[in-house]
Amino acid sequence: CPSSPKLPSTPSEKCGVLNVTKITENGKKVRKNWTSSWTVLQGSSLLFAKGQGGSTTWKFGSTQSKPEFTVDLRGGSVDWASRDKSSKKHVIELKTRQGTELLIQSEIDSVINDWFRALTETINTHSDE
Ligand code: I3S
């Protein structure tokens, strides 16, 4: 993560600010509610903490809030969201085995592409568990 720039980042350790909304929870459709979240990929879990909508929350270290929401990526799937899921650009659709669907978005091309790669690798790495 950003606090240790000297360490090579591994596929299972990634963080950043993303726009996130749930669209389905336990198989039931829920209303979209896009929020800017500090997002951490840790092992096979993806953690979200509601941020104050920018980079200032994490830059200064220890004041990170507790994860507000965690998803287990094992047995899940990740794909680019189709046009009918969102009018936004660069949207990833993440489905968990538990029947939760999330949309994850960033305005920044390279950022969302890195997340797509990291999430795909994580799901593939942990697919046998
Ligand atoms: O899939 P939808 O219903 O077009 O999603 C939009 C709505 O959630 C909207 O909020 P309201 O519930 O107040 O209508 C959001 O502001 C939009 O961002 C959602 O669409 P996008 O295409 O941005 O995901």
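First, a word on what this report is: a plain description of the structure on this page. All values reported here derive from a predicted model rather than from experimental measurement. Residue numbers here run from 1 along each chain, matching the order of that chain's written sequence. Per-residue local features are limited, in this predicted model, to residues with pLDDT of at least 70; the limit for side-chain atom pairs, both in listing and counting, is 80 or more; totals at the level of whole chains, interfaces and linings are taken over all residues. Excluding hydrogens and water, the side-chain figures rest on all heavy atoms present in the structure.

### Here's the deal with the site of the ligand
Part 1 of the argument: Surveying the vicinity of the ligand reveals the residues Arg31, Lys32, Trp34, Ser86, Ser87 and Lys88.
Part 2 of the argument: Method for areas: the Shrake-Rupley scheme with a 1.4 Å probe, in which residue coverage is limited to the protein chains shown. Bound to the protein, the ligand loses 46% of the 510 Å² it would expose on its own.
Part 3 of the argument: In the scheme used here, Gly and all other residues not listed as nonpolar or charged are polar, with Ala, Val, Leu, Ile, Met, Phe, Trp, Tyr, Cys and Pro taken as nonpolar and Asp, Glu, Lys and Arg as charged. Looking at the shell around the ligand residue by residue, the class counts come to one nonpolar, two polar and three charged. We define proximity as follows: a residue is near a molecule or strand when any one of its heavy atoms falls within 4 Å of that partner.

### Topic: helix H2 (residues 109–125)
Part 1 of the argument: For H2, built from 17 residues, the straight-helix expectation of 24 Å at 1.5 Å per residue is met to within 8% by its first-to-last C-alpha distance of 24 Å.
Part 2 of the argument: In this description, contact between two residues means that some pair of their heavy atoms is separated by no more than 4.5 Å. Helix and strand labels come from DSSP, where a helix needs a run of H or I of at least four residues and a strand needs a run of E of at least two; each type is numbered from the N terminus. Next to the buried residues of H2 lie strand E1 (13–25), strand E3 (35–42), strand E4 (45–50), strand E6 (77–80), strand E7 (91–95) and strand E8 (101–105). A helix is expected to span 1.5 Å for every residue after the first.

### Some thoughts on the packing of aromatic side chains
Part 1 of the argument: Ring pairs shown here join Phe, Tyr and Trp side chains whose ring centres sit within 6.5 Å, with only the six-membered ring taken for Trp; geometry is labelled stacked below 30 degrees between planes, edge-to-face above 60, and tilted in between. Going through the model one piece at a time under the given rule, you end up with two aromatic pairs.
Part 2 of the argument: Between Phe48 and Phe69, the aromatic rings sit 6.0 Å apart at their centres with planes inclined by 25°, giving stacked as the arrangement. Highlighted residues: Phe48 in strand E4 and Phe69 in strand E5 (residues 69–72), separated in sequence by 21 residues.
Part 3 of the argument: Working definition: with a 1.4 Å probe on protein chains only, accessible area under 20% of the residue-type maximum means buried, over 50% means exposed, and in between means partly exposed. Phe48 gets classed as buried once you look at its relative accessible area, which sits at 3%.

### Points about unusual backbone geometry
Part 1 of the argument: Backbone geometry at Asn26 places phi at a positive 50°, although glycine is not the residue there.
Part 2 of the argument: Tracing the backbone shows Asn26 in the loop between E1 and strand E2 (28–29).
Part 3 of the argument: Unusually for a residue other than glycine, His90 sits at a positive phi of about 55°.
Part 4 of the argument: Residue placement: His90 occurs in the loop between E6 and E7.
Part 5 of the argument: Of the residues examined, His90 reaches a relative accessible area of 21% and is grouped as partly exposed.

### Describing the pattern of salt bridges
Part 1 of the argument: Salt bridges are identified by distance alone: a Lys or Arg side-chain nitrogen within 4 Å of an Asp or Glu carboxyl oxygen. Counted by the stated rule, this structure contains five salt bridges.
Part 2 of the argument: Glu25 is the salt-bridge partner of Lys22, the closest N and O atoms lying 2.7 Å from each other.
Part 3 of the argument: The network of salt bridges with shared partners includes Lys85, Glu93 and Glu101.

### Comments concerning the pairing of E4
Part 1 of the argument: Bridge count between E3 and E4: six bridges; the pairing is antiparallel. Along E4, the bridge assignment pairs Val40 with Leu47.
Part 2 of the argument: Here E3 folds back onto E4, and the loop between the two strands holds two residues, one of which, Gly43, carries a positive phi near 60°.
Part 3 of the argument: We treat two strands as partners when DSSP finds at least two bridges between them. Bridge count between E4 and E5: four bridges; the pairing is antiparallel.

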